[in-house]
Amino acid sequence: MRARFRRIMPVTMSGITDNIQCSAAVGAALAEGRPVLALESTIITHGMPWPQNLETARVAAAAVSDAGAVPATIAIIDGVARVGLTDLELEHLARAGSDAVKCSRRDLAVLLATGATAGTTVAATMILAHQAGIRVFATGGIGGVHRGADRTLDVSADLLELSRTPVAVVCAGPKAILDIGLTREYLETQGVPVIGYRTDKLPAFYAADSGYPVDRRLDEARAIARVIRVQDEMGLGQGLVVANPPPAETSMRAEDMRRVVLQAVEEAAASGVSGKAVTPYLLQRVEQLTGGASLEANIALMINNARLGADIAVALSQPEPTG
Ligand code: PSU
Ligand code: MN
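Please read these numbers as outputs of a predicted model, since none were measured by experiment.

Close to ligand 1 lie 16 residues; Glu40, Lys102, Ser156, Asp158 and Thr279 are nearest. At 2.7 Å, a side-chain N or O of glutamate 40 approaches an oxygen atom of ligand 1. Burial of ligand 1 by the protein chains amounts to 96% of its free accessible area of 480 Å². Elements with a minimum of two residues in the shell around ligand 1: helix H2 (42-47) and helix H12 (278-289). Looking at the shell around ligand 1, the element that brings in the most residues is H2, giving three residues. Of the residues that make up the shell around ligand 1, three or more belong to each of domain 1 (1-134) and domain 2 (138-317).

Before going further, it helps to examine the pattern of salt bridges. Tallied over the full model, the rule gives 18 salt bridges. In this structure, arginine 105 engages glutamate 161 in a salt bridge whose closest nitrogen and oxygen atoms are separated by 2.7 Å. One end of the pair, arginine 105, is in the loop between strand S6 (101-103) and helix H5 (108-113); the other, glutamate 161, is in helix H8 (residues 157-164), with 56 residues separating them in the sequence. Residue classification places arginine 105 among the partly exposed residues on the basis of a relative accessible area of 35%. By relative accessible area, which is 1% here, glutamate 161 ends up buried. A salt bridge links aspartate 219 to arginine 217, with the nearest nitrogen and oxygen atoms 2.8 Å apart. By relative accessible area, which is 32% here, aspartate 219 ends up partly exposed. Overall, arginine 217 belongs to the partly exposed group, its relative accessible area being 35%.

Below, the discussion takes up the domain arrangement of the protein. Structurally, the protein comprises domain 1 (1-134) and domain 2 (138-317). If you average the C-alpha positions of domain 1 and of domain 2, the two centres end up 20 Å apart. With 34 residues of domain 1 in contact, the opposing surface of domain 2 contributes 32 residues. Between domain 1 and domain 2, the buried area comes to about 2,600 Å², and carbon and sulfur atoms account for 70% of it. Summed over the shared surface of domain 1 and domain 2, the number is five residue pairs in polar contact (both at pLDDT 80 or more). Of all the elements in the fold, those that place two or more residues in the side of domain 1 that touches domain 2 are strand S3 (36-39), H2, helix H3 (52-66), S6 and helix H6 (122-132). In terms of residue count, H3 provides more of the side of domain 1 that touches domain 2 than any other element does, six residues in total.

On to the state of the cysteines, then. By definition, a disulfide links the sulfur atoms of two cysteines through a covalent bond. If you walk through the whole model with that rule in mind, you get zero disulfides. A disulfide-free cysteine, cysteine 171 has its sulfur positioned 20 Å from the sulfur of cysteine 103, the nearest such atom. Its relative accessible area of 0% is what places cysteine 171 among the buried residues.

By the secondary structure assignment, glutamate 40 is in the loop between S3 and H2. Buried charge without a salt bridge: glutamate 40, with lysine 175 as the nearest opposite-charge side chain at an N-O distance of 7.2 Å. Within the structure, glutamate 40 has its side chain in polar contact with the backbone nitrogen of threonine 42 (distance 3.1 Å). At 3.2 Å, the side chain of glutamate 40 and the backbone nitrogen of isoleucine 43 are in polar contact.

Counting 44 residues, the largest nonpolar core has Val83, Ile134, Ile142, Leu162 and Val241 as the members making the most contacts within it. No other element matches H6, which puts seven residues into this core. Mapping this core onto the domain boundaries places at least three of its residues in each of domain 1 (1-134) and domain 2 (138-317). Look past the residues within four positions of leucine 162 in its chain and what remains in contact with it is Met126, Ile142, Val167, Val169, Leu187, Val192, Gln238, Gly239, Leu240 and Val241. In this structure, Ala57, Ala60, Ile228 and Ala306 belong to the second largest nonpolar core, which totals 36 residues.

Basis of the calculations
Residues numbered from 1 in each chain as written. Chains lettered and ligands numbered in written order. Predicted model: local features only at pLDDT ≥ 70, side-chain atom pairs only at ≥ 80, totals over all residues. Heavy atoms only, no water. Near = heavy atom within 4 Å. Polar contact = N/O pair within 3.5 Å; in protein donor to acceptor, adjacent residues only side chain to side chain. Areas by Shrake-Rupley, 256 points an atom, 1.4 Å probe, with all protein chains shown as cover. Helix = DSSP H or I, 4+ residues; strand = E, 2+ residues; numbered from the N terminus. Domains from an automatic or database assignment. Salt bridge = Lys/Arg side-chain N within 4 Å of Asp/Glu carboxyl O. Buried < 20%, exposed > 50% of the residue type's maximum accessible area, 1.4 Å probe, protein only. Contact = heavy atoms within 4.5 Å. Buried area = accessible area lost by both parts, 1.4 Å probe. Disulfide = S-S within 2.5 Å. Lys, Arg positive; Asp, Glu negative; His and termini not counted. Core = buried A, V, L, I, M, F, W, Y, C linked by side-chain atoms within 4.5 Å.

Given below as structure tokens:
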């Protein structure tokens, strides 16, 4: 198994070559300048139940291939950060579910040093994608500022990562379980642009409109690729949020979601859930309270985001039209 993977030289030169490996397919694509799209794995281990987690991961990867990019699912397997998984490894991770660890920036070194198996969050996936030389990444929803953060200080490390790691993250906006107004404020302070794909409204994951605007609407993958290029030319160092509204067929009414989310947040507080357990708890509780409708929406938007992410990666790999 190991022989099929080769070590890569991280672009950051941080000297962790022994800890991160690319699959042959991803390594070859990167070496040849072909488009690659990173995909995260906490959504597999902690975000969705078995077997929908495996099914969604497979369909998302296939959608990326169909769009002409190479899918690179990122996770930690037996203490090695892996960029690009085999189907067998994907299944192993999906079966492990929340028996695997949830790895964000804080956890990365400890988990690699101790030989763990883990799903990587948006923050950890961004770090590993960047070190592998991948510029575009798709997920379901990003973490953000939690409701009640003025007391709990619960702000996802995803937001800080977006401020310091130049990877574009295609998502359906911050989850409705979060304080979306505060999440926008935080991104603004940290200098992270929020682009709406074919929308002026910031989506709230399950719903197409959070009631807040995006910073700028762009209607073509090519136009988004251009922003990424200019970010690099300017050496700004920030990531980018590309907010892609959930498919209309499965999106949910904002009003219905609000009620469900408030109940879930109250229950989490009452049962003393804190730290990294908060997001998985809320996702699971919302899924129960909506009778699985939120799961269906989650699956559809993940695949939708993978497709757009692949289109952006493809556009970025093509020379800019001149004239
Ligand atoms: N969105 C989902 N499911 C998830 C997550 C987001 O639909 O499981 C995960 C992502 O991996 C995200 C993480 O990075 O939740 C945020 O966790 P926290 O709030 O603890 O930073
Ligand atoms: Mn948190």
